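So you can see what is in the structure, the chains are spelled out below.
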Amino acid sequence: MSVDISRLRVDIGRTAVVDDVTMHIGAGERVGLVGASGSGKSMIARAMLGLLPLDARASGHIRYGDDGAGDDGSDGSGLGVDALACGEETMADLRGRYVSTVFQDPATTLSPVLTALQQVTLPLRRHYRMTRGEYAERGMATLQRVGLDPMLADHLPHQLSGGQRQRVAIATAIVTSPRLLIADEPTTALDAIAQREIVDLLVGLVDESGAAMLFITHDFSVLARATRRCYVMRSGRMVEAGDTSSLLGAPQCKYTRHLVDAAERLTLHGAGATAPGADRADDVGNTRNEGADDARN
Amino acid sequence: MNVSSHGPNRGALPGGGSRMFSRLRRSVVRMCSGARGIFSLAVIGCWIVVAVVSRFWTPQTLYGTDGYHAWSAPSPDHWLGRDGTGADMLSWLMAGSWTDLVIVVLTIVLAALIGIALIAAMVSRARGVSGVVTVAVDALISIPTVLIALVLAVPFGASIAVVIVACGVGYGLNLARIARPEAVLIARSDFVESAVSCGASQAYILIRHILPNLMSTMLVQLSLSAGTVVLAESGLTYLGIGVPSGVPSWGRSLATSVRFIAIHPMTVVWPGLVVTLVVVALNMFGDLLRDRWDTGATRDEEDES
Amino acid sequence: MRGTEREARPDSVDESPLLEVSHVVRCFGRGEGSRAALRGVSMRVDKGRCLAVIGGSGSGKTTLAHLLLGLQRADAGAVRYRGALVQGRRSPGYRLLRGESSVVFQNPYASLDPRWDVERLVAEPLMVRLHGKRIDADDRRDMVVGALTQAGLDPASVWGRRPARLSGGQAQRVAIARAIVTQPKLIVADEPMSAIDVAARLQVVHTFAAIRDARPDAAIVIVSHDLGVVQHLADDVLVLHDGTVVEQGPTDRILQDPQHPYTRELVRAASW
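Residues numbered from 1 in each chain as written. Chains lettered and ligands numbered in written order. Predicted model: local features only at pLDDT ≥ 70, side-chain atom pairs only at ≥ 80, totals over all residues. Heavy atoms only, no water.

Going by the annotation in an unreviewed UniProt entry, the name recorded for chain C is ABC transporter, ATP-binding protein, with Bifidobacterium mongoliense DSM 21395 given as the source organism.

If you check an unreviewed UniProt entry, chain B appears there as ABC transporter permease from Bifidobacterium mongoliense DSM 21395. Regarding chain B, the relevant UniProt record gives this comment under Subcellular location (unreviewed entry): "Cell membrane". You can read under Sequence similarities (unreviewed entry) in the UniProt record for chain B the words "Belongs to the binding-protein-dependent transport system permease family." (UniProt positions renumbered as here; feature names shortened; annotations may be inferred.)

In structure tokens:
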């Protein structure tokens, strides 16, 4: 499934949180959306899902289509739908079935009273009619695909670690074999080791099923691993777009350079191969006042 | 460290408390802007004015009973007619508004004091205290306010104090029970822990951090209680354990007329209407206060303009 | 270069440690369901050094930070601050520690009272800690301005703001200003860069680097799950896994030649 976002604008109150954003996610493509917190990147995801806050007004188009088959067919498969124009019914049918989401903090997005298996089968129950055994079978199979120990299937979220919880959340997102996965800062709440595992897992799952993925993050170092192409946002506007590798190598815009620089400084280089002492305190001071925190002012 | 050498000079920094008054005025103006605000402030304002005026002047003397004209219909001298003793309805309602105002204010003060004391004990770090108090509140809350009033009325007789103490205790317990979960959350929050690690005392944390952040919940609960006190006064007075006979109050006006509701319905409608208006206005007022408290204090100065 | 700078700083091996933790055990829950967060941890924090405590979630690193600050009690073992035992609120070590230490939490929006403005937030430690000696309002204002400046903020632009109107990086630096305004001997930061975005993270790293260089006497302990963010800051690294110390040593050595498999995994995770 492909998504075409054109001239999207979202206003909350008198401020435009998303302003004239145009982006494209091709079928089966992994695309990144990067920006500091408050830059409006999550609002784009919410607009795509038809889950904007009640006081938000949106204009523009978000079209779901299929690149291969031409975009005439509104055949009930969620294709040819404009997320901003269609009704809640259509969007509800789209969510969880064709478009799934993995959120930032699995501790708050998983229901505290459902076991891992129950959680995973929720979207199936919403969208498909099956027997009880089939639900459980499909759920267990999906839990296995995300690498969760089957012994943990009857555990409640608080009995799982952060990484395990995020695996359950991912399983919940992919159990219906969606055609687009929106990952909204899926690694931010996790520790370094779990972060890496989750990114690798997401990439593997998406590529295996041929689904597209929109990966939202503030961290370029994660993007390098997860996406081929990415968009950079600042204060609701798109400031740069391009191949992830070329953006990382030669960022054009000053803001992108700032983000890439921050990500680079906060990672180890070559796992101890190069001397990590090389870029220490002297040049740490250089970027001090290029702070991006005026974005909110 | 020589701090004064760097940073802006003192004049560059915005000043502190001098704008308290203008903020207060802005708050009142803002509250008046909506229909609910105008209604609740108008009703409460009228109530207070009438209550004060009634201390010095009423259209007719309160105890000007006149057996020949009991239950007489409204007339130019007696706008709302006369009650069963022939006294002027309007004068009694006006005088009653003073009694009810006193009862409401004192009850809310008492309830707030009891509630805050209980909340302080519930979030206390002293071992055992919070557990015991929580259980005690849960146990005491099951005793109805009417029962407390009945028990108090036995030694002291029917009096305004009985209404105030019974309701104050009952609503104080209620307040503590309802505010507890939030108070505990705030007490465990990072900013409280941060203050503790600075060496702040428990009293400091309660006054500076917990109560201000708890205020919106407390305002709503207290305004709800204020409305309920007016109803409770009527109820207790009707039962004969509230305001003693001969003392004007809305509950007394209702209690004397309600037996004759089938014959003289309007004599019940007037005090009933006053009570209803005031209760609704108090509840709305509480909501407005909470909204003001929530948005006003977490915004910056420049946002307010 | 940091490498040479590190050698040049006062070597405090001969001195007694500022804070010493020996064989500390801390359990949560009772009976069957009890879980040991720390199982016999020993470490020391030296004056003027910056120590990073690294571990994944559930490694016990936050519990250790709370123990260092005296916010929690050890079930077994001892915590000594400047030689005095820290045990319970009435112990002399606790009082000494409380007066000379400060803390920076993970989420600045949670650790700053939402109703307070920046001026009051930063002044709070001065008001509560020194309530015996009264500080003149002007002096207090100067100290707040100094702390904000040192934390890399422009005092005039953030002065009257409340936390909700600050960006993540600004809010965390306000929290840091709050932690340094009393001139503490020990600053413990519990995951100070995890809840904010990468650009803000770098600012906070700069802030800590500036404080470390400006205050040669103060010891800084930074708790984190990410070796990447502490590489510029820490003199020493202590790796915590499952409630035990699996490796500790100078930062360069740990980064270049990790011994324990878990440390190697951490190094790999921090390098993309």
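Still more ground to cover, so stick around.
S.K.: When you look at the UniProt feature "domain: ABC transmembrane type-1" (unreviewed entry) in chain B in this model, what are you seeing that I'm missing?
M.R.: Look at the UniProt record and you will see "domain: ABC transmembrane type-1" (unreviewed entry) annotated at residues 97-286 of chain B. Note that residues 97-286 of chain B is 81% helix and 0% strand, and that its end C-alpha atoms are spaced 20 Å apart. (Helix = DSSP H or I, 4+ residues; strand = E, 2+ residues; numbered from the N terminus.)

S.K.: Would you explain the sheet that holds strand E3 (residues 30-34) of chain A in this entry?
M.R.: In a beta sheet, neighbouring strands pair by backbone hydrogen bonds and run either parallel or antiparallel. All names here are of chain A. Taken together, the 6 strands give an open sheet; going across it, the order is E6-E7-E8-E3-E9-E10, and neighbouring strands pair in mixed fashion. The sheet is open, and its two borders are formed by strand E6 (99-102) and strand E10 (237-243), each paired with just one other strand. Going from strand to strand, the sheet's axes swing by 15° on average, the running direction of each strand aside. As paired strands, strand E9 (residues 229-234) and E10 are joined by 6 bridges and run antiparallel to one another. For Tyr231, the partnering residue across the bridge sits in E10 and is Ala241. (Pairing = 2+ DSSP bridges. Axes fitted to C-alpha atoms, helices over the stretch in contact; angles between N-to-C directions.)

S.K.: What exactly am I supposed to notice about the sheet that holds strand E1 (residues 2-12) of chain A here?
M.R.: Residue and element names in this part refer to chain A. Strand order in the open sheet formed by 4 strands is E2-E1-E4-E5, and the pairing between neighbours is antiparallel. Each having just a single partner strand, strand E2 (15-25) and strand E5 (81-82) make up the two edges of the open sheet. Inspection of the sheet shows E1 paired to E2 by 7 bridges, in the antiparallel sense. Residue pairing across strands places Leu8 opposite Val21, the latter belonging to E2.

S.K.: Where do I start with the packing of aromatic side chains in this structure?
M.R.: Aromatic ring pairs are reported here in terms of the distance separating the ring centres and the angle at which the planes meet. Residues and elements named next belong to chain B. Counting across every chain of the model gives 1 aromatic pair over all chains. Ring centres 5.7 Å apart and planes at 35° place the aromatic pair Trp47 and Trp250 in the tilted group. Residue Trp47 is found in helix H2 (residues 35-56), and its partner Trp250 is found in helix H9 (residues 250-257); the two are separated by 203 residues along the sequence. When its relative accessible area of 6% is taken as the criterion, Trp47 is described as buried. (Phe/Tyr/Trp six-rings, centres within 6.5 Å; stacked < 30°, edge-to-face > 60°. Buried < 20%, exposed > 50% of the residue type's maximum accessible area, 1.4 Å probe, protein only.)

S.K.: It is not clear to me how the confidence of the model for chain C should be interpreted in this structure. Could you clarify?
M.R.: Reading predicted coordinates in detail is not appropriate for stretches of low pLDDT. All names here are of chain C. Looking at chain C, pLDDT values average 85 and 91% of them are 70 or higher. Scored below 50 in pLDDT, residues 1-14 makes 27 contacts in the model with residues more than four places away or belonging to other chains. In the model output, the complex is listed with pTM 0.81 alongside ipTM 0.81. (pLDDT = per-residue confidence, 0-100. Contact = heavy atoms within 4.5 Å.)

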